[in-house]
Number of protein chains: 2
Amino acid sequence: MSADHPGILIALPGNEALSQSLADQLGWTTAPLAYRRFPDGESYLRIDADLKDRSVVLVATLNDPDARIPALLFAADLARDLGASRLGLVCPYLCYMRQDQRFRPGEALTSKTFARWLSAHFDWLVTVDPHLHRYASLDEIYTLESEVPASAPAIADWIKTSLDRPVLIGPDGESEQWIQAVAEIGNWPWRVFEKKRHGDREVDMRLPELDAIVDRQPVLIDDIISSGTTIAEATRHLCAAGLPAPVVIGIHGLHDERSRQTLNQAGVQRLVCTNSIANPDAAIDLSSLLVAPIRRLAGV
Amino acid sequence: MSADHPGILIALPGNEALSQSLADQLGWTTAPLAYRRFPDGESYLRIDADLKDRSVVLVATLNDPDARIPALLFAADLARDLGASRLGLVCPYLCYMRQDQRFRPGEALTSKTFARWLSAHFDWLVTVDPHLHRYASLDEIYTLESEVPASAPAIADWIKTSLDRPVLIGPDGESEQWIQAVAEIGNWPWRVFEKKRHGDREVDMRLPELDAIVDRQPVLIDDIISSGTTIAEATRHLCAAGLPAPVVIGIHGLHDERSRQTLNQAGVQRLVCTNSIANPDAAIDLSSLLVAPIRRLAGV
């Protein structure tokens, strides 16, 4: 770390609080990005700071991504143009990770294309728990350097201070990776719903070894809360089995008010998310997990 | 032109009518683009056609550009991925041409960045009357091949069939290029407002040789109609000078209902635009002007 020339953090609109928190923890400075939209819908950007030969970090989470992507890439190009010697992106929620396979011929593999765009504009990327399903790591599609700190320590901290006798429950097999990581930290029991097929279409959800956990507080954990239907279905199963109303923890809260209602109606006791996306349920702060990866990749 | 393998036109959402009109005039086929937004705001795209070794043309005008840019670039990448041997963009209104200079230090030169994005995704571009102000041609910032047919012949046709004894008037010096091109076709008189400074701030608009045109139908022409304030001011000057209420022709109609009211209140008799952007005032069809440039650049 160079004390004379620390890194400079620049927040895209809506990411100012996280950027300032990171600056405080890193001992770095922030620079303001003046951003507005012209009446014709074009983006105007200005950075009022000397970036020459500096290590610069843009902070931009990427929920609801399409309208944000041009401004982000314009800001990246501007930072380079103003002389940034190294350019990174802190993107707590990384978009376009879900379309990782052609389910029908002719479909766009947007995950690959988006990875190319970011890789062409940035030297490095820090994101939290990207939706790695069919890809084993970001390196399969990203050519920039990346670190992907897990949210598990922050989630485990929150559970420790907020809940008694938790049992962690994943709504499907995909969620096992997140559940297991949190459970190992707290040494808590965990279960994952299994799907059992009847005939061609009917699918039953089933939670194994239910008897051993009926007196515990169920905590449903998933990486992305969006429409809420998967979590709602799991909640109904838990309630029908006689378990207490579950607490739901989403790593990335992409949900809106309608999804929140779906969860409430299904019997969810409380919904909590990390602050990878700013929303009223973001009670779990990830910023301390980002500090070390940022310092390593920024090279200052 | 290869009759066995003509080009394939693919419309981005909202550009289907222009794409079909071009296909009819070129004797080419169109292919559908399935497009929708996922609940999380990501774009889904699918092209149901065999593009292998074909010359493919995306049709996408770019008003209100930011939300459209990701889908356009995803579609371009998809067309390449599906085997397109040559890929062009027909973009009647080309966005991000106005920010061509740093008026304050630290401003983003979005025109250059956007030009790089399009140049990285397409082999060629056809657009109509791009806003070339400080750039002499697209080649200063675009590295792809381009042709920029002028709308003047289509505008002159409309004036010939719709108006008697027109005099073409430009609201400012920048508009002279468009005015002169149309005036030469119809051999009509034309004038351009001059700005005269009083002291430091006050600016007067002045139309030279007014007496010779007072019995003619004024036709105000500008390349972009957006807020409408420039045209409204010119209209008030014309009306104050005793000329008939002007007809306004905008090449690219970026205006909304509020701008339309501004023009009405200033005394505009009628507003007409080309169909570079689909809106209720788009009475001047540009498609026939695009056919020859597309054929040349598509190479089929």
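To keep things clear, this report deals only with the structure shown in the data block. None of these values were measured; they are calculated from a predicted model. (Residues numbered from 1 in each chain as written. Chains lettered and ligands numbered in written order. Predicted model: local features only at pLDDT ≥ 70, side-chain atom pairs only at ≥ 80, totals over all residues. Heavy atoms only, no water.)

**Describing the interface of chain B and chain A**
So, step 1. Residue-level contacts link 44 residues of chain B with 44 residues of chain A.
So, step 2. Summed over both sides, the interface between chain B and chain A buries roughly 3,600 Å², with carbon and sulfur atoms accounting for 51% of that surface.
So, step 3. Of the charged contacts in the structure, one is a salt bridge between D81(A) and R102(B), with a shortest N-O distance of 2.7 Å.
So, step 4. Where chain B packs against chain A, one counts 26 residue pairs in polar contact (both at pLDDT 80 or more).
So, step 5. Residue assignment for the side of chain B that touches chain A shows that the elements contributing at least two residues are β3 (33–37), β4 (43–47), α2 (69–81) and α3 (110–121) of chain B.
So, step 6. Sorting elements by how many residues they give to the side of chain B that touches chain A places α2(B) first, with seven residues. (Contact = heavy atoms within 4.5 Å. Buried area = accessible area lost by both parts, 1.4 Å probe. Salt bridge = Lys/Arg side-chain N within 4 Å of Asp/Glu carboxyl O. Polar contact = N/O pair within 3.5 Å; in protein donor to acceptor, adjacent residues only side chain to side chain. Helix = DSSP H or I, 4+ residues; strand = E, 2+ residues; numbered from the N terminus.)

**Concerning unusual backbone geometry**
Residues and elements named next belong to chain B.
So, step 1. With a phi angle near 60 degrees, D53 is a residue other than glycine that sits in the positive phi range.
So, step 2. The residue D53 is located in the loop between β4 and β5 (55–59) in this model.
So, step 3. For D53, a relative accessible area of 56% translates into the label exposed.
So, step 4. In this structure, D129 takes a positive phi of about 40 degrees despite not being glycine.
So, step 5. With respect to the helices and strands, the residue D129 is situated in the loop between β7 (124–126) and β8 (145–147). (Buried < 20%, exposed > 50% of the residue type's maximum accessible area, 1.4 Å probe, protein only.)

**Some remarks on the pattern of salt bridges**
All names here are of chain A.
So, step 1. Inspection of the entire model under this criterion finds 28 salt bridges over all chains.
So, step 2. Among the salt bridges present, the one from D123 reaches R80, with a minimum N-O distance of 3.1 Å. Of the two residues, D123 sits in the loop between α3 (110–121) and β7 (124–126) while R80 sits in helix α2 (residues 69–81), which places them 43 residues apart along the sequence.
So, step 3. Overall, D123 belongs to the partly exposed group, its relative accessible area being 24%.

**Focus on the state of the cysteines**
So, step 1. According to the stated counting rule, one finds zero disulfides over all chains in the structure shown.
So, step 2. Here C95(A) stays free of any disulfide, with the sulfur of C91(A) as its closest cysteine sulfur at 6.3 Å. (Disulfide = S-S within 2.5 Å.)

**Thoughts on the relation of the copies chain B and chain A**
So, step 1. Expressed as a screw transformation, the operator carrying chain B onto chain A has a rotation angle of 180 degrees and an axial translation of 0.0 Å, and the superposed copies differ by an RMSD of 0.0 Å. The transformation relating the two chain copies, once decomposed into turn and shift, fits a two-fold axis. Rotation axis and chain B: the residue whose C-alpha lies nearest the axis is A67(B), separated from it by 2.2 Å.
So, step 2. Most of the interface of chain B is mirrored in chain A, where 100% of its interface residues again form contacts. (Least-squares fit on C-alpha atoms with pLDDT ≥ 70 in both.)

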